[in-house]
Structures are given as C-alpha cells and as structure tokens.
Amino acid sequence: MNVISFKIGTSVFHQDKLYTIKAYPSFNEVLLKSVEKPYKECIVKVNTLIKESKNATSKVEHLVDLDDKEYKKALERYHIIKPLLDIEKRSTQDIQTVADKHSKGVATIYRWLEKYETYGTVSSLATAYKNCGGKLKGRLDKSVEAIIESVFEDFYLDEQQYPISVIYQKIVEKCRYANQTPPTDNTIRTRLKKIHPKLVAKYRKNVSVRDTRGMPGKFPKVKMPLDIIQIDHTKVDVMLVDEITRETIGRPNITVAIDVYSRMIYGFYISLESINFFSVGQCLLNAILPKEDLLHYHNIQGEWPVYGLPRKVHMDNAKEFRSTSLEKFCQEYSIENQYRPVAHPEYGGMIERVIETHMKAVHQLPGTTFSNIKQKGTYDSEYHASMTIQELEQWYLDFVINIYHKTEHSSLGMSPEEKFYQAFLGVGDGTIPFLPSAPANTIKLRMALLPAFERTVQKNGITIDYITYFSETLRKWIVPSEYKKLSAKIHTKSVMCRRDPRDISKLYVYDPDINDYIIVPYSDIRKPAINLSELRKSIADAKKEVIGRELEMHDIFRSYERLSTYVEKAKREKRSTLRRNSSKQHTKKILEYEEKILKKEPISRDEKLIIQEIDDDDDREGYDYYPVDEVL
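Every chain begins its residue count from 1, and numbering advances along the sequence as written. Local features are withheld for residues below a pLDDT of 70 in this predicted model, meaning they are given only at 70 or higher, and side-chain atom pairs are given and counted only at 80 or more; totals for whole chains, interfaces and linings count all residues. Remark: hydrogens and water are excluded; side-chain values derive from all non-hydrogen atoms of the structure.

> In this structure, what is going on with the overall build of the chain? I would like to understand it.
Each helix corresponds to a stretch of at least 4 residues labelled H or I by DSSP, and each strand to a stretch of at least 2 residues labelled E; elements are numbered beginning at the N terminus. Along the backbone of the chain there are 22 helices and 17 strands. Contacts in the chain between residues at least 24 apart in sequence constitute 59% of all its contacts with a sequence separation of at least 6. Accessible surface for the chain amounts to roughly 37,900 Å². Of this, 50% is attributable to carbon and sulfur atoms. Note on contacts: a residue pair qualifies if any of its non-hydrogen atoms lie within 4.5 Å across the two residues. Per-residue accessibility takes into account occlusion by the displayed protein chains alone, with areas from the Shrake-Rupley method and a 1.4 Å probe.

> Looking at this structure, how should I read helix α5 (residues 142-156)?
Each α-helix turn comprises 3.6 residues. Residues three or four places apart therefore point the same way. A helix is expected to span 1.5 Å multiplied by its residue count minus one. Here α5 is 15 residues long and its end C-alpha atoms lie 20 Å apart, about the 21 Å a rise of 1.5 Å per residue gives. Every buried residue of α5 is accounted for by S143, V144, A146, I147, I148, S150, V151, F152, F155 and Y156. Between buried and exposed lies partly exposed: a residue is buried under 20% and exposed over 50% of the maximum accessible area for its type, with that area taken using a 1.4 Å probe on protein chains only.

> What exactly am I supposed to notice about the environment of L397 here?
Counting through the fold element by element, L397 comes out in helix α15 (residues 389-402). If we ignore the near neighbours within four places in the chain, the residues touching L397 are F268, L294, L295, H298, I300 and W304.

> Would you explain the packing of aromatic side chains in this entry?
The geometry of two aromatic rings is summed up by the distance between their centres and the angle between their planes. Only Phe, Tyr and Trp rings take part, Trp by its six-membered ring, and two of them pair if their centres are within 6.5 Å. Stacked means planes under 30 degrees apart, edge-to-face means over 60, and tilted covers everything else. This structure, assessed with the given rule, holds twelve aromatic pairs. Summarising the aromatic geometry, the rings of F152 and Y156 are spaced 6.3 Å apart at their centres and angled 50° between planes, so their arrangement reads as tilted. Residue F152 and its partner Y156 are located together in helix α5, separated by four residues, close to a single helical turn. Assigned by exposure class, F152 and Y156 land together as buried. Considering the side-chain rings of F155 and Y162, the 5.7 Å spacing of their centres and the 70° angle between planes classify their relative orientation as edge-to-face. Note on F155: relative accessible area 19%, which makes it buried.

> Is there a simple way to think about the packing of helix α6 (residues 164-177) against helix α7 (residues 185-194) in this case?
To characterise two packed helices, one gives the angle between the axes of the helices and the distance between these axes. The axes used here are C-alpha line fits, helices contributing only the stretch in contact, and every angle between their N-to-C directions lies in the interval 0 to 180 degrees. Direction vectors running N to C along α6 and α7 enclose 115°, while the axes themselves pass 10 Å from each other. Of the two elements, α6 crosses α7, and the hand of that crossing is right-handed. Seen from α6, the contacting residues are I164, Y168 and I171; seen from α7, they are D185, I188, R189 and L192. In terms of residue class, the contact of α6 with α7 is built from five nonpolar, no polar and two charged. Helix crossings get a hand from a simple test, with the near helix turned counterclockwise from the far one by less than a right angle marking a left-handed crossing and a clockwise turn marking a right-handed one. Gly falls in the polar group here, along with every residue not listed as nonpolar (Ala, Val, Leu, Ile, Met, Phe, Trp, Tyr, Cys, Pro) or charged (Asp, Glu, Lys, Arg).

> Honestly, the confidence of the model for the chain in this entry has me stumped. Any pointers?
Atomic detail in the predicted coordinates should be set aside for any region of low pLDDT. Every residue carries a pLDDT, the predictor's confidence in it, which falls somewhere between 0 and 100. With 73% of its residues at a pLDDT of at least 70, the chain reaches an overall mean of 76. Under a pLDDT of 50 for its full length, residues 209-217 has, in the predicted model, 18 contacts with residues more than four places off or in other chains. For the stretch residues 613-632, pLDDT sits under 50, and the model shows 20 contacts to residues farther than four places along the chain or on other chains.

> Can you help me understand the pattern of salt bridges in this one?
For side chains of opposite charge, pairing can occur when their charged atoms come near one another. Salt bridges are defined by distance alone: a side-chain nitrogen of Lys or Arg within 4 Å of a carboxyl oxygen of Asp or Glu. Inspection of the entire model under this criterion finds 16 salt bridges. Residues D513 and K476 are paired through a salt bridge, measuring 2.9 Å at the closest nitrogen-oxygen approach. Taken together, the residues span a long stretch of sequence, with D513 in the loop between β16 (503-511) and β17 (516-521) and K476 in the loop between β14 (467-469) and α18 (481-486) at a distance of 37 residues. On the basis of relative accessible area, K476 is assigned to the partly exposed category, the value being 46%. Between D500 and R502 there is a salt bridge, with the nearest N and O atoms lying 2.9 Å from each other. The structure contains a network of salt bridges with shared partners spanning D465, R499 and R536.

> What exactly am I supposed to notice about the side chain of R263 here?
Examined against the element boundaries, R263 turns out to sit in the loop between β8 (253-259) and β9 (265-271). Nearest to the buried, unbridged R263 among oppositely charged side chains is D259, at 7.8 Å. When sequence neighbours within four positions are dropped, the list of residues in contact with R263 reads M350, Y404, H409, S411, L412 and P416. Lys and Arg are tallied as positive, Asp and Glu as negative. Neither His nor the chain termini are counted.

> Just checking my understanding: could you explain the sheet that holds β16 for this structure?
Note on sheets: strands pair through backbone hydrogen bonds, and any given pair is parallel or antiparallel. A pair of strands is considered paired only if DSSP assigns at least 2 bridges between the two. Strand order in the open sheet formed by four strands is β12-β15-β16-β17, with antiparallel pairing between adjacent strands. Lying at the two open borders of the sheet, with one neighbouring strand each, are β12 (452-456) and β17. The mean angle between the axes of side-by-side strands here comes to 40°, regardless of whether they run parallel or antiparallel. Direction of pairing for β16 relative to β17: antiparallel, over a ladder of six bridges. Paired with K506 across the bridge in β17 is P521.

Encoded structure:
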C-alpha cells in the first residue's frame with residue numbers, strides 16, 4: 001500500500017492544491033505551505049492528506065505566476081545557490097565562498113538554501129512578504145498565523161466555550177512543536193476581539209444568528225429610573241435544606257431585574273423549579289408592586305422604594321423571555337420589550353455584573369457551592385447546608401436593601417439608593433417631581449403574569465391536562481346540543497384561562513362581560529391541591545397503569561396519592577436509616593473511648609467533650625456512663 005511520509009519538505013495535496021509540509025503543530029496535525037502564490041499556510045489533520053504519486057509540479061509552472069521582475073530575481077538567486085545544491089556535505093567554507101563571489105551575506109545564502117530545500121521550487125526564492133508590521137498589517141510569521149487560525153476554529157469557535165487561557169495554551173503548544181516563537185497572550189486577546197460577533201454567536205454561544213445591523217454600538221442613554229430595566233437569572237451558589245427534614249434539596253434558581261439608571265434591584269424571584277415564563281412573571285410582579293407588604297412578611301427593616309411599570313425591558317434571547325404570554329403582558333401595559341442583540345455583551349453586562357456581585361456575597365453562607373471547584377476545594381457544601389428557601393429569601397432581601405443598595409457603585413460614584421433618590425427628589429426645593437406609574441388592578445396584574453391558554457367550555461366544564469374544572473358561572477358559555485344541531489353557525493366559544501403552577505386546584509377564567517377573572521375550582525372539590533410538577537409526574541405514572549381507555553381525572557389523583565405514599569415512606573426510611581447510621585457511629589466511638597479507658601491511655605480534651613456529650617444524650621439508654629473526672 002502507499003505510505004505517506006510526513007517529512008519536512010514533502011509535497012502533499014490538500015483540497016486539490018499542492019502544499020509542502022513545513023512543521024508539526026501536534027502529533028496528528030501538519031503545518032502546510034502552498035507552493036503557489038500567495039503561499040498560504042494552514043494546519044490540517046494528517047488523515048485528510050493525499051500524497052501525489054508524481055513529483056511536484058514543474059518549476060516553470062510556478063514561475064509563470066510571477067511578474068517579470070520577481071521572475072528574474074528568483075532565477076538569479078537560484079543560479080547563485082545551484083553549485084551548493086550539488087554538494088552532499090557542504091561546509092561553512094563552501095557557503096562563504098559563494099557569498100564572497102556574489103557579494104552576498106552568509107546568512108542570506110543560508111536562508112535561500114533553506115527556502116529552496118524546503119519547498120523545492122524556484123518560485124520559493126522570489127521576494128517574500130516581509131512581516132514589517134504597520135497599519136492594518138500583521139507582524140506574525142505566516143506559520144504562527146496559520147496556527148492561530150486553526151486553534152480559533154477548533155477550540156474558540158466551539159460550543160464547549162473554552163476559556164482564553166486554554167486557547168492561548170493550545171497556541172503556545174502548537175508553536176513550540178512547529179519550532180515557532182509563540183505570540184503574547186495580549187496578541188491573542190486582540191485577535192479574538194476581531195472575530196465577527198455573528199461567528200461567535202453561532203459557533204461558540206450556539207444561538208441563532210439574527211441580523212443586528214442598525215443597532216447602536218453603545219448601550220442606549222438612560223435618563224431616569226425605570227427607563228430601562230434588565231432581567232436575567234442564574235443558579236444560586238448555595239445548597240438548601242428541606243424545612244421539615246432538614247435534608248439537602250439542591251440549589252435554587254433566582255431571577256433578578258435591575259433598574260439600569262440607578263442599579264437598584266427592581267425585583268427578584270427565588271424558586272426550586274426550573275426557569276420558565278412563570279419565574280420571569282413572578283419576578284416582574286415582585287418588581288412592579290410596592291414592596292412594603294413583602295418586607296413586613298419577612299420582617300425586614302429598611303426601605304425598598306423601587307416599583308412601577310418600566311418603559312423598556314431588556315432580556316436575552318432565551319425561550320422563557322420569548323413566550324407569547326410575556327409579549328402580550330408587555331403590550332397590555334405599553335412596555336417595550338427589547339431582546340439583547342446577538343454578540344453585544346454591553347446590552348447585558350450590567351445585570352450580569354450585579355448577579356456576580358450578589359453571588360460573591362452568597363459564598364459567605366453555609367452550604368455554598370462557590371463559583372467553581374477550584375474555589376470550593378474540599379469544602380462539603382451538603383454537609384454545611386442549613387438554610388431553607390424562605391431563609392434564603394429573607395437573607396437576600398436584607399442583603400439587597402441594607403447592604404447592596406447602600407454600597408457605593410464604582411460606575412455611579414455613589415450608592416444605587418443615592419442615585420435613585422437623586423433622580424426622584426430632584427434639585428432645588430427637594431420635592432418629588434413625579435412617581436412611576438403602576439397598575440390600578442393588582443388582581444389583573446397577577447393574572448397577566450400567569451401562563452395563559454384558550455379552552456372551550458364543554459357541558460362538564462373545562463378540561464386541562466386531564467383535570468376538569470367546573471362552576472355554575474361557566475354555564476353561560478355552554479351551548480346546549482339541540483341548538484348546535486339546529487344551526488351549524490352555533491359553536492362553543494373559547495375562553496381565556498390562566499393557572500398558577502404552584503396550585504392548580506383552581507382556574508382563572510376571563511369574563512369579558514365583567515372585564516375580570518372568575519375562579520373555577522376542580523369539578524370534584526374533594527381532590528387535594530397540587531402543583532404542576534406533581535401533576536406531570538402523576539400523569540406519567542397513570543399512563544403506565546391505564547391501558548385501552550382514555551385517561552380520566554380520578555386516574556391522575558389515584559396516581560398522585562400513590563406517589564405521595566411512596567414519598568412519605570421514603571422519608572421515613574431515610575430518617576430511620578440516618579438515625580441507624582448515626583447510632584452506629586456513636587457506638588463505635590464509645591467502644592474506642594472505653595478501650596482507651598481500660599488501657600489507661602490519655603484522653604484528649606476533644607474526646608472528653610465527646611464523652612460528655614454522649615453522657616447528656618437522653619436517647620442512649622442501657623449504657624452506664626460516669627462523669628469524665630471520675631473516669632480519669
């Protein structure tokens with residue numbers, strides 16, 4: 001079989017073009033240089049190359065690509081070094097003799113020989129592009145340029161989103177293998193900034209690329225509070241525990257909205273559920289409404305004056321921000337919803353920096369997961385976890401109101417609270433010139449921020465996810481079957497329904513006659529209130545049991561009751577297992593301490609405390625313990 005010899009100077013074909021091998025950036029890549037103008041260099045995988053069975057293309061074919069001046073110069077240089085090419089073991093004296101004969105430098109003769117022996121063509125002796133730098137010109141060798149281009153394509157423009165440090169290390173590694181001087185890290189950072197934003201968005205961020213022409217290069221100027229708010233979410237860097245069992249239940253999600261003008265926190269929502277429109281809606285609800293009731297509920301001392309309807313909302317392109325319900329909400333209250341232009345970090349940097357600042361404060365809490373494994377070290381987050389979700393909400397409220405809002409912001413030159421009051425209190429007499437607008441009907445506002453869907457009213461009520469809701473107030477939408485038979489034009493009209501995912505036991509149906517929502521409960525009011533996650537699990541379990549007929553409401557709740565029984569049993573078994581293991585560990589320690597006592601070995605102060613603690617434990621029945629002093 002044919003064997004490819006990947007030696008320096010070997011001619012190979014790549015994409016129907018002839019190249020010569022120049023260096024080895026890695027063990028499975030080669031640095032190639034085209035034998036034709038413009039002598040492009042590139043890095044390719046060795047398994048993609050095809051060896052040409054014949055010799056490289058004739059020198060004449062290379063020379064015809066040169067202009068007359070370059071043609072004569074290349075031939076002249078070739079004739080100067082030609083005598084040296086025939087010498088198998090040429091010495092330094094041989095080089096010196098040729099250099100003196102033609103009044104050339106020894107280094108120049110060496111350079112011409114290297115070029116010819118590397119590429120094997122007369123055209124390689126033509127005047128090369130000089131990396132002299134200057135405006136809009138690169139200063140790097142073409143080999144290094146090819147390495148940079150290859151690493152950018154393989155590692156930077158990748159969904160894995162390798163950090164710049166990794167990108168630079170790869171470039172340094174390939175340059176060393178290719179015997180090239182690596183560029184500085186600042187050079188690489190500068191090159192990365194020149195990559196087209198849409199390429200970064202498509203290949204690194206994995207988001208759909210939309211036309212962003214016409215968007216301003218800088219963030220729009222903000223003149224007053226609530227002119228623009230930004231909203232985003234993240235996982236909180238702390239493990240929480242269950243309020244009853246005190247067992248760890250994982251990390252919560254937080255959705256945060258800020259007022260861009262003052263950097264005040266506009267609103268937030270913490271939840272253990274996955275991020276969706278409901279999370280965004282609850283954050284906006286918390287943001288728009290006055291905060292006095294919330295502070296009173298959590299017993300927080302302080303002021304949180306931000307409330308009211310914003311004029312613009314800036315969001316990223318995540319699906320929870322592009323829901324139809326959110327779009328209708330913004331239209332309803334004349335809020336301009338703007339989505340962050342692709343690859344424009346200045347449009348989301350403010351909210352991201354605020355969240356990052358808050359997460360650094362979270363790292364002080366017990367059970368924190370820190371930002372990464374390196375920071376976390378050997379810290380056991382689950383072992384130290386002690387906060388419930390309500391306690392986290394209380395802590396976050398206190399932190400926002402009494403610390404963050406009162407701490408000087410570097411870009412403002414004052415605290416967010418001062419900036420906010422400065423805008424609303426005005427100057428001169430210190431009177432408040434205006435207040436932000438807010439919805440007059442809180443109920444309608446809450447309804448507008450719940451997931452919406454349309455359903456028809458049947459004779460038994462409204463059915464959603466196999467759950468039927470019924471109330472006498474629905475009868476006006478029910479069309480008797482005999483009237484439907486009389487006229488094909490008569491049909492059941494759809495109604496707008498909303499449901500709170502935290503409690504699906506009631507449905508909110510919009511009645512245009514009264515311009516308000518009516519509450520419609522389960523058709524069987526004896527059924528327990530459950531949340532949407534429990535409903536989904538119950539439906540999935542019921543479908544496994546019911547075969548050959550349609551799923552009904554009683555099937556769902558029978559499945560829910562069975563799953564609830566499993567959960568309670570698991571909790572009991574878990575507690576008993578933990579208690580059993582704990583008892584075993586205590587017993588082991590007791591035996592060790594008793595053995596030391598029998599051997600009259602000295603007991604440390606910590607061990608004394610442990611024995612004393614065991615002595616005070618009322619659950620340890622059947623053992624005789626004595627005070628530590630008496631034992632010693």
